[in-house]
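Next come the chains, spelled out residue by residue.
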Amino acid sequence: MSEIAIETKSLCKRYRSHLGMGLPPTLDGLSLRVHEHEVFGFLGKNGAGKTTTIKILCGLVWQNQGEASIFGYSNRDKRARSLVGYLPENPYFYEYLTPRETLDFYGKLNGDTVAARNKRWDYLSELLDLSDIANQRVRGFSKGMRQRLGFAVAMAGDPRLLILDEPMSGLDPMGRHMVRDLMLRLREEKKTVFFSSHILGDVEQVCDRVGMLVNGKLHREGALQDLLTRETLRVDVVTRDVPEDTIAELSTSAQRVYDADEGVCLSFSSHDDADAAARKIYAGSGRVVSLTPIAETLEDYFVRQQEDGEGAS
Amino acid sequence: MRIRAIAANTYREAIRDKVLYLLLIFGIISIVSSRILGYMSIGDELKIIADISLASISIFGALIAVFVGTNLVYKEIDKRTIYTIISRPIDRYEFILGKYLGLITLLAVTTLVMGIISALYIVMMGGSLGVIYFEAVLLIYWKLLLVTAFSVLLSSLTSPVLGAIIVLSAYVFGHGTGILIDIPVDMQGTYMESLLAAIYFVLPNLSNFDIWKEYANGIEISHTYVVWNMVYGALYTALLLYLATLVFENKDV
Ligand SMILES: Nc1ncnc2c1ncn2[C@@H]1O[C@H](COP(=O)(O)OP(=O)(O)OP(=O)(O)O)[C@@H](O)[C@H]1O
Ligand SMILES: [Mg+2]
């Protein structure tokens with residue numbers, strides 16, 4: 001059994017307004033478990049509390065109730081943070097430092113020796129393509145450059161766990177590609193990655209498991225395949241050379257009939273209906289060009305779960 | 001090493017602050033222009049020059065401590081540079097201490113610069129320095145240690161504007177705590193007297209650090225007095241820094 005990298009138990013967080021009044025809870029009993037070597041995608045709509053959860057794990061914000069731990073250390077314990085690399089939503093660094101100096105600074109905070117810091121710089125500047133801008137001040141950096149530096153800072157201590165808050169947001173396709181490759185590489189290196197995201201396509205490509213935060217609780221979690229194969233939306237049957245009257249007959253059980261490029265497309269709501277239709281077409285003189293089950297996309301799933309979760313409470 | 005890394009960056013950032021140079025220049029102008037006031041006064045010209053020079057070091061040092069100090073923690077939170085820092089394996093007190101040490105190092109430099117300029121100026125005008133001059137500058141610095149600690153405390157509590165108003169009020173008040181025990185006769189022996197005396201002991205008495213008045217007037221000050229004031233200031237500063245870490249320990253950033 002692998003170790004548990006992140007665990008939260010009934011985490012509750014209620015921020016206070018400036019006047020000290022209680023606001024509605026942001027987290028309301030969040031229990032979550034992420035195993036070592038896993039790439040975990042943390043989903044939830046704007047304002048769901050993803051950043052709040054991440055800040056609690058990284059020791060920036062304290063929970064009102066419940067527990068949060070990293071490799072068994074409480075989030076109050078600095079040993080927990082020595083095992084974590086954190087990339088904030090929009091990373092900000094001292095504007096008057098260069099990437100080289102920035103990395104050196106964080107290396108010192110991590111307690112690394114000069115030799116270790118230099119070695120780490122060599123590795124990270126290569127990996128994240130920072131050599132060209134090594135001695136430029138951060139002040140003029142673009143979003144993409146800042147994000148690369150953010151990754152370098154997160155990886156400075158060679159942490160076992162990376163906690164990334166929306167690592168792909170605000171990046172162009174090239175930048176997103178870079179981040180995705182980086183995450184796949186981290187997975188190969190057997191690191192644990194916990195990241196929040198809105199960009200579902202990216203989640204689909206890199207995650208082992210996902211969890212969805214709705215109303216301050218973990219509404220659903222599981223392996224991506226398990227979650228997604230739950231529902232086949234429809235089965236599309238594309239046909240050719242089928243007589244009009246057969247089409248007319250089949251269209252009573254079909255959800256939808258329309259002309260596709262390859263022929264006539266009949267959409268059925270179940271596999272059984274689609275199979276029955278195919279048999280009928282073969283019995284005549286028609287051909288079945290293709291029979292495709294259309295599974296729910298992560299996007300659909302996301303919206304449906306969101307609605308379910310909100311309806312439940 | 002962690003504290004030092006934070007202190008070094010704080011120093012580096014503060015030394016780029018334009019406000020610092022503005023205050024430093026005003027301080028130096030004020031030292032140099034003490035001569036004009038010296039001319040105008042009927043009494044001892046040298047006395048006025050010494051008095052105003054050291055007062056300038058004290059006041060402009062305090063302004064730097066307040067305006068830079070009340071920004072220290074607040075700015076890190078406001079600019080979100082703090083996220084990646086305190087998510088490192090450091091304790092929050094280490095962060096506060098690092099910020100504090102960075103600023104007092106800077107203040108040591110500015111005090112030294114103004115102290116040297118004023119010393120040269122006094123000597124140039126024909127005055128004499130003596131050990132007490134250096135003790136006076138040291139105690140001015142010691143007072144800045146306390147003012148900086150209070151500024152850092154407020155910086156982890158509130159905005160720089162409100163923080164600066166509070167620290168400056170406390171600064172003015174802290175120089176006048178003498179009135180608390182200098183009470184009218186009809187109040188003597190009442191509860192009020194004990195209460196005011198208690199407040200007097202709780203509040204820092206900042207004018208204790210101002211031995212430059214004695215220096216300007218050629219009055220002797222014992223070294224023991226200087227040492228005791230340093231002990232008093234150090235304890236007070238430690239208390240304020242402790243409060244700052246308590247506040248910051250539980251703060252959501
Ligand atoms: N410091 C704060 N003080 C008060 N309320 C806050 C604070 N930080 C966050 N909140 C509130 O908590 C809720 C959750 O915010 P959070 O940033 O955790 O959401 P999120 O899931 O990261 O959203 P997004 O997808 O937009 O980044 C929001 O309603 C937000 O207004
Ligand atoms: Mg967020």
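Residues numbered from 1 in each chain as written. Chains lettered and ligands numbered in written order. Predicted model: local features only at pLDDT ≥ 70, side-chain atom pairs only at ≥ 80, totals over all residues. Heavy atoms only, no water.

**Some remarks on the site of ligand 1**
All names here are of chain A. Going by this rule: We call a residue near a molecule or strand when any one of its heavy atoms sits within 4 Å of it. In protein, a polar contact means a hydrogen-donor-capable atom and an acceptor-capable atom, both N or O and within 3.5 Å, with residues adjacent in sequence counting only if both atoms are side-chain atoms; elsewhere, any N or O pair within 3.5 Å suffices. For the accessible areas, the method is Shrake-Rupley and the probe is 1.4 Å, while residue cover comes only from the protein chains on display.
In the vicinity of ligand 1, 14 residues are found, and the nearest of them are Gly47, Lys50, Thr51, Thr52 and Glu89. Interatomic distance of 2.9 Å between a side-chain N/O atom of asparagine 46 and an oxygen atom of ligand 1. One nitrogen or oxygen atom from the side chain of lysine 50 is found 2.8 Å from an oxygen atom belonging to ligand 1. Protein chains bury 62% of the 630 Å² of accessible surface belonging to ligand 1 in isolation.

**Overview of the sheet that holds strand S13 (residues 264-268) of chain A**
Residues and elements named next belong to chain A. What counts here: Any two strands between which DSSP finds at least two bridges are classified as paired. Numbering of helices and strands runs from the N terminus; a helix is a DSSP stretch of H or I covering at least four residues, while a strand is a stretch of E covering at least two. Axis angles are defined between N-to-C directions and span 0 to 180 degrees, where every axis is a line fitted to C-alpha atoms and, for a helix, only to the segment in contact.
In space, the four strands of this open sheet follow the order S12-S13-S11-S14, with antiparallel pairing throughout. Looking at the sheet topology across the chains shown, the edges are occupied by strand S12 (256-259) and strand S14 (287-295). Averaged over all pairs of adjacent strands, the angle between their axes in this sheet comes to 20°, without regard to strand direction. In this sheet, S13 lies alongside strand S11 (residues 232-240) in antiparallel orientation, the contact comprising five bridges. Paired with valine 237 across the bridge in S13 is leucine 266.

**Regarding the pairing of strand S9 (residues 209-214) of chain A**
All names here are of chain A. Counted only if it meets this: Here the term buried applies to any residue with accessible area under 20% of the maximum for its type, exposed to any over 50%, and partly exposed to those in between, with areas from a 1.4 Å probe on protein chains only.
Extensive coverage of S9 is indicated by the burial of six of its six residues. Neither face of S9 is left uncovered, since the one carrying Arg209, Gly211 and Leu213 and the one carrying Val210, Met212 and Val214 both have all their residues buried. In the sheet, strand S3 (residues 39-43) pairs with S9 via four bridges, with the strands oriented parallel. Within S9, the residue paired with phenylalanine 40 across the bridge is arginine 209. Taking the residues between adjacent antiparallel strands as the criterion, S9 and strand S10 (residues 217-223) are bridged by two residues, where asparagine 215 takes a positive phi near 50°.

**Comments concerning the domain arrangement of chain A**
The condition that has to hold: The start and end points of each domain follow an automatic or database-based domain assignment.
Parsing chain A into structural domains produces domain 1 (4-227) and domain 2 (232-295). Here the C-alpha centre of domain 2 of chain A lies 47 Å away from the C-alpha centre of domain 1 of chain A.

**A look at the interface of chain A and chain B**
Definition in use: In this description, contact between two residues means that some pair of their heavy atoms is separated by no more than 4.5 Å. Buried area adds together the accessible area that both of two parts lose upon being put together, with accessible area traced by a 1.4 Å probe. Salt bridge criterion: a side-chain nitrogen from Lys or Arg within 4 Å of a carboxyl oxygen from Asp or Glu.
On the side of chain B, 30 residues touch chain A, which itself brings 33 residues to the contact. For the pair chain A and chain B, the summed buried surface comes to about 2900 Å²; carbon and sulfur atoms form 51% of the total. Applying the counting rule to chain A against chain B returns four salt bridges. Here lysine 78 of chain A and glutamate 94 of chain B are joined by a salt bridge, their closest N and O atoms 3.7 Å apart. On inspection of chain A and its partner chain B, the count reaches 22 residue pairs in polar contact (both at pLDDT 80 or more). Sort the elements by how many residues they give to the side of chain A that touches chain B and helix H3 (residues 99-109) of chain A lands first, with five residues.

**Points about the coordination of the magnesium ion (ligand 2)**
Selection criterion: The rule for donors is simple: an N, O or S atom within 2.8 Å of the metal counts, and for Na, K and Ca the reach is 3.2 Å. Water is not among the atoms, so a site may look short of donors.
Looking at the magnesium ion (ligand 2), one finds its protein donor set to be Thr51 of chain A (OG1) and Glu89 of chain A (OE), positioned 1.9 to 2.8 Å from the metal centre. Remark: glutamate 89 of chain A occurs in the loop between strand S6 (84-87) and H3 and threonine 51 of chain A occurs in helix H1 (residues 50-57); sequence separation between them is 38 residues.

**Remarks on the layout of surface pockets**
Rules: The distinction between a cavity and a pocket rests on a 1 Å grid over the protein atoms alone: a 1.4 Å probe fits inside a cavity but cannot get out, while a pocket stays open yet meets protein on both sides within 12 Å along at least five of seven lines, and a residue with an atom within 4 Å of a point counts as lining. Grid points are joined across faces, edges and corners, and a volume is the space filled by probe spheres set on the points. Any residue that is not Ala, Val, Leu, Ile, Met, Phe, Trp, Tyr, Cys, Pro, Asp, Glu, Lys or Arg is counted as polar, Gly included; the first ten are nonpolar and the last four charged.
In this model, the largest pocket occupies a volume close to 750 Å³. Lining the largest pocket we find 18 residues, and of these Arg16, Ser17 and His18 of chain A together with Lys251 and Asp252 of chain B sit closest to its centre. Counted by class, the lining of the largest pocket contains seven nonpolar, five polar and six charged residues. For the second largest pocket, the lining is made up of 22 residues, of which Tyr96 of chain A together with Glu13, Asp17, Lys75 and Lys79 of chain B are closest to its centre. The residue inventory of the lining of the second largest pocket, partitioned by class, reads nine nonpolar, three polar and ten charged.

**What to know about the nonpolar core**
Note the threshold: Remark: nonpolar core denotes a set of buried residues (Ala, Val, Leu, Ile, Met, Phe, Trp, Tyr, Cys) joined through side-chain atoms within 4.5 Å.
Ile6, Ile163, Phe194 and Phe195 of chain A together with Ile85, Phe95 and Tyr133 of chain B are the most contacted members of the largest nonpolar core, which has 147 residues in total. Apart from residues no more than four positions distant in its own chain, isoleucine 85 of chain B is found in contact with Tyr94, Phe105, Tyr106 and Leu109 of chain A together with Ile6, Glu76, Ile90 and Phe95 of chain B. Residues Val237, Ala254, Leu266 and Val288 of chain A belong to the second largest nonpolar core, which totals 13 residues.

**Details of the environment of arginine 146 of chain A**
All names here are of chain A. Tracing the sequence through the fold places arginine 146 in helix H5 (residues 143-154). For the pair formed by arginine 146 and phenylalanine 71, sequence separation is 75 residues and the distance between their alpha carbons is 29 Å. Other than its neighbours up to four places away in sequence, arginine 146 contacts Pro91, Phe93, Glu95, Val138, Arg139 and Phe141. A polar contact is formed between the side chain of arginine 146 and the backbone oxygen of valine 138, at a distance of 3.4 Å. There is a polar contact of 3.3 Å between the side chain of arginine 146 and the backbone oxygen of arginine 139.

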